[in-house]
There are 2 protein chains.
Amino acid sequence: MKGTGYNIAVVGATGAVGTQMLAMLEQRDFPVGKIKLLSSARSAGQTIQFNGAPVTVEEATPESFEGIDIALFSAGGGISKQLAPEAAKRGAIVIDNTSAFRMDPDVPLVVPEVNELDLQHHKGIIANPNCSTIQMVAALEPIRKELGLSKVIVSTYQAVSGAGVQAIDEMKAQSQAILNGEEPEANVLPVKGDKKHYQIAFNAVPQIDVFDTNGYTFEEMKMINETKKIMHMPELKVSATCVRLPVETGHAESVYIEVDAKGKDTADIHRILSGAPGVTLQDNPGEQEYPMPSTAAGKTDVFVGRVRKDPDEDHGFHMWIVSDNLLKGAAWNSVQIAESLIKLKLV
Amino acid sequence: MKGTGYNIAVVGATGAVGTQMLAMLEQRDFPVGKIKLLSSARSAGQTIQFNGAPVTVEEATPESFEGIDIALFSAGGGISKQLAPEAAKRGAIVIDNTSAFRMDPDVPLVVPEVNELDLQHHKGIIANPNCSTIQMVAALEPIRKELGLSKVIVSTYQAVSGAGVQAIDEMKAQSQAILNGEEPEANVLPVKGDKKHYQIAFNAVPQIDVFDTNGYTFEEMKMINETKKIMHMPELKVSATCVRLPVETGHAESVYIEVDAKGKDTADIHRILSGAPGVTLQDNPGEQEYPMPSTAAGKTDVFVGRVRKDPDEDHGFHMWIVSDNLLKGAAWNSVQIAESLIKLKLV
């Protein structure tokens, strides 16, 4: 360890994920030397408590990163593209929670339970995968290791906090309006910068991020491409349908997989997942035990239940994967990467 | 037509589906002679307006069905098991919206756009399929006709009104409690008669109906078995994951299919669905046009969007199917069956 700890910068410290990053650093008793909280000019000047002491939020500039060991970025892709290279140039290791560098071949895309050793090849910037991808690969990797994996079809049930604090506020305001018998107003979801906005309260919206020209959304393409990169399986067949729900926190996923091994059954998947790192098996239909956003929120693990063999495919299994999208899906995975960097003596 | 119209009984007239059955009969200007509104003893005595005149709800007994031509049942499986045979014995044709007789080989299970002619084999009782099954087969049948169909994997996003008026009230009360910062109370969902109850507001619950011993819920097994029966395809590979959402009305489904025909693309599916009966194609990603529960509620059609070819399977396609679960999923399909009976001169 360097001196009394590592100098950490959190970029986007006032956001939904940034707030959770600070909570994770505290909760893990992370060896923090100096902490620097950075944001846009708009949020600068606010005071945030960290480990019992007030810290003033500063505007993020290239110079902010002088003397920083690890910079956790979660302030949107534009800010990352602009400032992550500046931070890296000044010797900080960037752990970036946006999609800006994820598919860059020079940037490791890491879920520590899956591909921690990819960190060894970092060149100053490390990418934290998309929230919905992280929880899925954490559950699938132990299965792949033992049974092989050839195909993944996922349908997501995603929480609004993935779209930030404004989306949470909008969902609550719309819910209250509808309960009052009033017309809900929509200005944020599904995508703030897109042309049209739709009610999320008491609804299900099959659009997360904007549309690619192939009819898939960027969120769906992230799940497809990132899964292959993290698992080192360019040949893996993956498809995704991503849907936003009126849930504050906790993404759920209905996942169908085909494994390579023959003659396996639900008990094999149960055995594999009950010993898997970062995964909690929650699967007892007789007692109505299965994961839900309401019970996964606030926890760092990935919860898996509803494991069933496909009725027709010997290689096919279905499962229901739930995790806190702000924790394992973002803040916790980022802090976990920082812990791995220390463990692997890469910082 | 018999005299001035057909004598119709609606069993469960005060429920979420019964109310919509009456609305559909009115809206379609159905040739009703006498209308009889039936319910449990508890709801008897209420007055309901039908075609501008007040009708008193009576307690349903075997004798209620004397002189009735068509009896629409939607008061739970127990009532149907007890009274549908009594109605049929008295010469009424029963259209039953519960699961009581659906898999009975002597009972046609009908979605008029798919298998209307199965009505010719009825023996007094006709079953209306499960809501989530109806909208899926209505969209898949035109594709099957032209391209063949070998496999279906569906993940559902189901509204609470499928569990009745009490479930709607519970969702609203829980939503208000949570918005007020209070603890929500759960007594109805996921299944009123099951051991445990969970919050549905701002949550996603992967249980609809009780669990079968194979780890699938009865709702999932209904989708699997009913799809094969309605489409006359015992060999079709079907699997389902059914999830309840905090949505009042409108079921959505993320559906993956494999067709038999080679080399087809999204444009072929678009062409097929744009001419399909009872189906509205709503698929223009560039304009953010796709179906949602909020826009499908109150309409009788099945809406399909997000059609995409699978990135890896030449035979594979994904789509998003939404419909009003109380209308096409229940009341409208039942009234449509009644219209088909008249058209086919079976009543």
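Residues numbered from 1 in each chain as written. Chains lettered and ligands numbered in written order. Predicted model: local features only at pLDDT ≥ 70, side-chain atom pairs only at ≥ 80, totals over all residues. Heavy atoms only, no water.

**Focus on the sheet that holds strand β11 (residues 251-258) of chain B**
All names here are of chain B. We apply this condition: When DSSP finds two or more bridges between two strands, those strands count as paired. Think of it this way: any DSSP run of H or I at least four residues long counts as a helix, any run of E at least two long counts as a strand, and we number them from the N terminus. Here an axis means a line fitted to C-alpha atoms, over the contact stretch when the element is a helix, while the angle between two N-to-C directions is reported on a 0 to 180 degree scale.
Taken in spatial order, the 6 strands make up an open sheet running β10-β9-β11-β14-β13-β12, and their pairing is mixed. Both outer strands of the open sheet, β10 (237-241) and β12 (279-281), are each paired with one neighbouring strand and no more. Direction aside, neighbouring strands of the sheet carry axes that sit 25° apart on average. Where strand β9 (residues 151-157) and β10 come together, 5 bridges link them in parallel fashion. Counterpart to Lys151 in the pairing with β10 is Lys237.

**So, the interface of chain A and chain B**
For clarity, the threshold we go by: Whether two residues are in contact is decided by their heavy atoms, any of which lying within 4.5 Å being enough. Whenever Lys or Arg places a side-chain nitrogen within 4 Å of a carboxyl oxygen from Asp or Glu, that contact is recorded as a salt bridge. Counting of polar contacts relies on pairs of N or O atoms within 3.5 Å, with two restrictions inside protein: one atom must be capable of donating a hydrogen and the other of accepting it, and residues adjacent in sequence are counted only when both atoms are side-chain atoms.
Counting from both sides, the interface comprises 62 residues of chain A and, opposite them, 63 residues of chain B. Between Glu220(B) and Arg308(A) there is a salt bridge; the shortest N-O distance is 3.5 Å. Between the two partners, chain A and chain B, sit 51 residue pairs in polar contact (both at pLDDT 80 or more). Secondary-structure elements contributing two or more residues to the side of chain A that touches chain B are β9 (151-157), α5 (165-179), α6 (218-230), β10 (237-241), β11 (251-258), α8 (293-296), β13 (302-309) and β14 (316-323) of chain A.

**Remarks on the UniProt feature "domain: Semialdehyde dehydrogenase NAD-binding" (unreviewed entry) in chain A**
Put simply, the rule reads: UniProt positions are given in the numbering used here, feature names are shortened, and annotations may be inferred rather than shown by experiment.
Cross-referencing UniProt, the feature "domain: Semialdehyde dehydrogenase NAD-binding" (unreviewed entry) maps to residues 7-122 of chain A in the present numbering. In this annotation, residues 7-122 of chain A is assigned 25% helix and 27% strand; the end-to-end C-alpha distance for the span is 19 Å.

**A word on the relation of the copies chain A and chain B**
As a reminder of what qualifies: Superposition of the copies used a least-squares fit over C-alpha atoms from residues whose pLDDT is at least 70 in both.
The two copies are related by a screw operation: chain A maps onto chain B through 180° of rotation and 0.0 Å of translation along the axis, at an RMSD of 0.0 Å. The relationship between the two copies is best expressed as a two-fold rotation axis. An overlap of 100% is found between the interface residues of chain A and their copies at the interface of chain B, pointing to a shared contact surface.

**Focus on the state of the cysteines**
Residue and element names in this part refer to chain A. As a reminder, the rule being used: We call a pair of cysteine sulfur atoms a disulfide whenever their separation is within 2.5 Å. Accessibility here uses a 1.4 Å probe with only protein chains present; expressed as a share of the type maximum, an area under 20% marks a residue as buried, one over 50% as exposed, and anything in between as partly exposed.
Tallied over the full model, the rule gives 0 disulfides over all chains. In this structure Cys242 is a free cysteine whose sulfur lies 8.8 Å from that of Cys131, the closest cysteine sulfur available. Judged by its relative accessible area of 0%, Cys242 is buried.

**Focus: the domain arrangement of chain A**
Residues and elements named next belong to chain A. The cut-off we apply is this: The domain limits used here are those given by an automatic or database domain assignment. Once two parts are put together, the accessible area they lose, assessed with a 1.4 Å probe and summed over both, is termed the buried area. Residues are sorted three ways: Asp, Glu, Lys and Arg are charged, Ala, Val, Leu, Ile, Met, Phe, Trp, Tyr, Cys and Pro are nonpolar, and all the rest, Gly among them, are polar.
Each assigned domain of chain A is listed here: domain 1 (6-128 + 330-343) and domain 2 (133-324). Taken together, the contacts link 19 residues of domain 1 with 17 residues of domain 2. Of all residues in domain 1, Leu109, Glu113 and Val114 give up the largest surface area on contact with domain 2, accounting jointly for 36% of the area buried on that side. Here Arg102 makes a salt bridge to Glu226, at a shortest N to O gap of 3.1 Å. Counting every contact that joins domain 1 to domain 2 gives 5 residue pairs in polar contact (both at pLDDT 80 or more). When its residues are assigned to classes, the side of domain 1 that touches domain 2 shows 10 nonpolar, 5 polar and 4 charged.

**A short note on the sheet that holds strand β7 (residues 93-96) of chain B**
Neighbouring strands of a sheet are bound in pairs by backbone hydrogen bonds; such pairs are parallel or else antiparallel. Residue and element names in this part refer to chain B. Sheet architecture is open: 6 strands sit in the order β5-β2-β1-β6-β7-β8, paired in parallel fashion. Each end of this open sheet is capped by a strand with a single partner; those strands are β5 (58-59) and β8 (125-127). Where strand β2 (residues 32-39) lies against β5, 2 bridges are found, and the strand directions are parallel. Pairing of Ser39 across the sheet is with Glu59, part of β5. Contacting β1 (6-11), β6 (70-73), β7 and β8, helix α2 (residues 77-89) runs over the sheet at an angle of about 175° to β6.

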